[in-house]
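# Residue-level structure breakdown
For reference, the chains in residue letters:
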Amino acid sequence: MISRRAALAGLVVGSAGLASAGLFSNSFVRRAIFGGPVFAAMAKPLAIPDGLAGEVRDGVRTYDLSLQRGRSTFFDGVETPTIGINGPYLGPTLKMRAGETVRMNVTNGVGEPSTLHWHGMHLPASADGGPHQIIGDGETWSPQFEVKQRASMFWYHSHMVPRTGPQVYQGLAGMIYVDDDETDRLDLPSEYGVDDIPLVLQDRLFTNSGNLFYSTSMPTRMMGMRGDVMLVNGTANPYFEARTGKLRLRILNGSNARFYKIGFADGRTFQQIGTDGGLLERPYQTSFITLSPGERAQIVVDVDDGRPALLRSFELSGTGLGGGGMMGGMMGDNLTFDLLDIRPDAGRARSAQIPNRLINLVRPDPAQAVGTRRFVMQMGMGGMMGGGGFTINGKSMDTARIDQTVRVGTKEIWQIENPSVMPHPFHIHDVQFRILDRNGSPPAPGEIGLKDTVVINANETVRLLLEFADYADPDSPYMYHCHILEHEDAGMMGQFVVTA
Ligand code: C2O
Ligand code: CU
Ligand code: CU
């Protein structure tokens, strides 16, 4: 059954909703171009991506991944052309264990060059899947690497400069679960799809005929591509029936540009147990987390009392991540909308308590760094006027230029500065880093752990401690960049090599 309404598919709630939707730049652009209604989705069970453990061949865990075009049904009776991995939209969740060797056979069948990047993973640059490991149409790329991570959720996505934005938007992304012994011992909820649930948050715009709408206009480049329909794991308006008293949610902000402030409609608290690259030392009780594009968090929510838990994205004003003023209004940052309706099942099973102590992390010691490098993220007037202008240290990305050379086996402080008017998520390949301070103050409890992507608010300076433990290769660079994909595609990216 299709129901069509003139606004945000019934997903937007609260007084700010409908009125601001008109200000919401891309949706304004969409309406100006297409007019008419948007689609509304009836509530549907949340899709859970297939888990894929691959196959062990000669001691190497091997995954066959095929990038392919397909059609997806986000709204009943409406087919949308999309791209996915082993399916029409998004890809399987790759399951692997720390310490094992994995091989990916990635075959590109999408009709244009692409790449597949393993976001957050520490691996040789030649296996990284960045803009230098292009897979031509019809070709297969087979990187192999050892899984050198703490247990966490990582993800993979196209990194096809300057087409990363549109390719990810059409569906070229998926999750990676890494397990290890240390985390297995903790007895956390870990039954995939039952009490351990991956959630990929993505906002999308649709044309009146149900196609995905991607804009390359200058306002879109500035603010990043944002949508007015929320998809979670590719499901619009999803619900989830909880069969256990506790649910572990592994949340990825897989959006091109939207930031989220995530909590529950009834204000309940929950426990954050992990950051991008691993668990926290101890659970952190909170009622909100914020995620910028590329960031992940693991939370545990208690639904033992049987009350429905409505996971919601709240307006960003007051977080420093947007909100106020005309810019915030245009970006849709003052919207509150629902993400996932969690419905506790009457026969749900009780879950074990979450331990007070999770893992040990060493305290980051800035005195161990051999030096400090500065990175200044800028959106100049050039960016506004249609020229370049999306830069780091005054330079737009050039795949032929190496911007930084670091020494293997060393630690460094990277100081990221944002003198621009909006927040940018800064992401670094190859490493899991620690945040030393934000404008001189210690990081918040929810970002004390291992990170690969960090929000740099407007007028903020954030210092990170990085370790380049191994994999010297002067010929293959790693990337660092803004994870707003339109900024990245427009040049807010640089390259570093690790040398012996
Ligand atoms: Cu998630 Cu360089 O990317
Ligand atoms: Cu990455
Ligand atoms: Cu940016």
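Whatever comes next refers back to the structure up there.
In this report, we go over the structure that sits alongside the text. (Residues numbered from 1 in each chain as written. Chains lettered and ligands numbered in written order. Predicted model: local features only at pLDDT ≥ 70, side-chain atom pairs only at ≥ 80, totals over all residues. Heavy atoms only, no water.)

We now examine the overall build of the chain. A tally of regular secondary structure across the chain gives eight helices and 37 strands. The proportion of buried residues among the 500 residues of the chain is 60%. Taking the contacts inside the chain whose residues are at least 6 apart along the sequence as the reference set, 78% of them involve residues at least 24 apart. When the accessible surface of the chain is totalled, it reaches about 17,600 Å², and 50% of it is carbon and sulfur. (Helix = DSSP H or I, 4+ residues; strand = E, 2+ residues; numbered from the N terminus. Buried < 20%, exposed > 50% of the residue type's maximum accessible area, 1.4 Å probe, protein only. Contact = heavy atoms within 4.5 Å. Areas by Shrake-Rupley, 256 points an atom, 1.4 Å probe, with all protein chains shown as cover.)

Only His117 (NE2) and His427 (NE2) from the protein reach the copper ion (ligand 2) as donors, at distances of 1.9 Å. Here His117 is found in strand E11 (residues 117-119), whereas its partner His427 is found in strand E32 (residues 424-428), with 310 residues between them in sequence. Residues His117 and His427 agree in their burial class; the two are buried. (Donors = N, O, S within 2.8 Å, 3.2 Å for Na, K, Ca; no water.)

Here the focus is the coordination of the copper ion (ligand 3). Those donors, His424 (ND1), Cys482 (SG) and His487 (ND1), are the protein atoms that reach the copper ion (ligand 3), and they lie 2.0 to 2.1 Å from it. We note that the donor set of the copper ion (ligand 3) lies within a single chain, spaced as H-x57-C-x4-H. Within this pair, whereas His424 is found in strand E32, its partner Cys482 is found in strand E36 (residues 478-482), the two being separated by 58 residues in sequence. The same class applies to His424 as to Cys482, namely buried.

For the peptide bond that leads from Val161 to Pro162, omega is 0 degrees, which places it in the cis range. Counting through the fold element by element, Pro162 comes out in the loop between strand E14 (152-157) and helix H3 (164-170). Of note, Asp187 is a non-glycine position whose phi angle comes to about 60 degrees, a positive value. Positionally, Asp187 belongs in the loop between helix H4 (181-184) and strand E16 (196-204). Look at Asp430: it is not a glycine, yet its phi comes out positive at around 80 degrees. Here Asp430 lies in the loop between E32 and strand E33 (434-438).

Note on pairing: side chains with opposite charge can pair once their charged atoms come close. Going through the model one piece at a time under the given rule, you end up with 30 salt bridges. A salt bridge links Asp452 to Arg296, with the shortest nitrogen-to-oxygen separation between them at 2.8 Å. Linking Asp452 in the loop between E33 and strand E34 (453-456) with Arg296 in strand E25 (residues 296-302), this pair joins segments that are 156 residues apart in sequence. Between Arg343 and Asp341 there is a salt bridge, and its shortest N-O distance comes to 3.1 Å. Accessibility expressed as a relative area gives 32% for Arg343, which makes it partly exposed. A cluster of three or more residues bridged by salt bridges with shared partners is formed by Asp266, Arg268, Asp305 and Arg307. (Salt bridge = Lys/Arg side-chain N within 4 Å of Asp/Glu carboxyl O.)

Let us look at the environment of Asp195. Mapped onto the fold, Asp195 is located in the loop between H4 and E16. Sequence-wise, Asp195 and Leu249 are 54 residues apart; in three dimensions their C-alpha atoms are separated by 8.0 Å. Every residue in contact with Asp195, bar those within four places of it in the chain, is listed here: Pro189, Ser190, Thr244, Lys246, Leu247 and Arg248. For Asp195, the side chain forms a polar contact with the main-chain nitrogen of Glu191, separated by 2.7 Å. (Polar contact = N/O pair within 3.5 Å; in protein donor to acceptor, adjacent residues only side chain to side chain.)

Now for the sheet that holds strand E37 (residues 493-499). Spatial strand order, E30-E37-E36-E32-E34: five strands in an open sheet with mixed pairing. Both edges of this open sheet fall to strand E30 (404-407) and E34, since each of them pairs with a single strand only. Put simply, the sheet's adjacent strands are angled 25 degrees from each other on average, direction ignored. Where E30 meets E37, four bridges bridge the pair, whose relative direction is parallel. Along E37, the bridge assignment pairs Thr405 with Val497. (Pairing = 2+ DSSP bridges. Axes fitted to C-alpha atoms, helices over the stretch in contact; angles between N-to-C directions.)

With five of six residues buried, strand E22 (residues 270-275) lies mostly within the body of the structure. Connecting the antiparallel pair E22 and strand E23 (residues 278-286) is a turn made up of two residues. In terms of strand pairing, E22 meets E25 through three bridges, oriented antiparallel. In the sheet register, Gln271 faces E25, and the bridge partner there is Val300.

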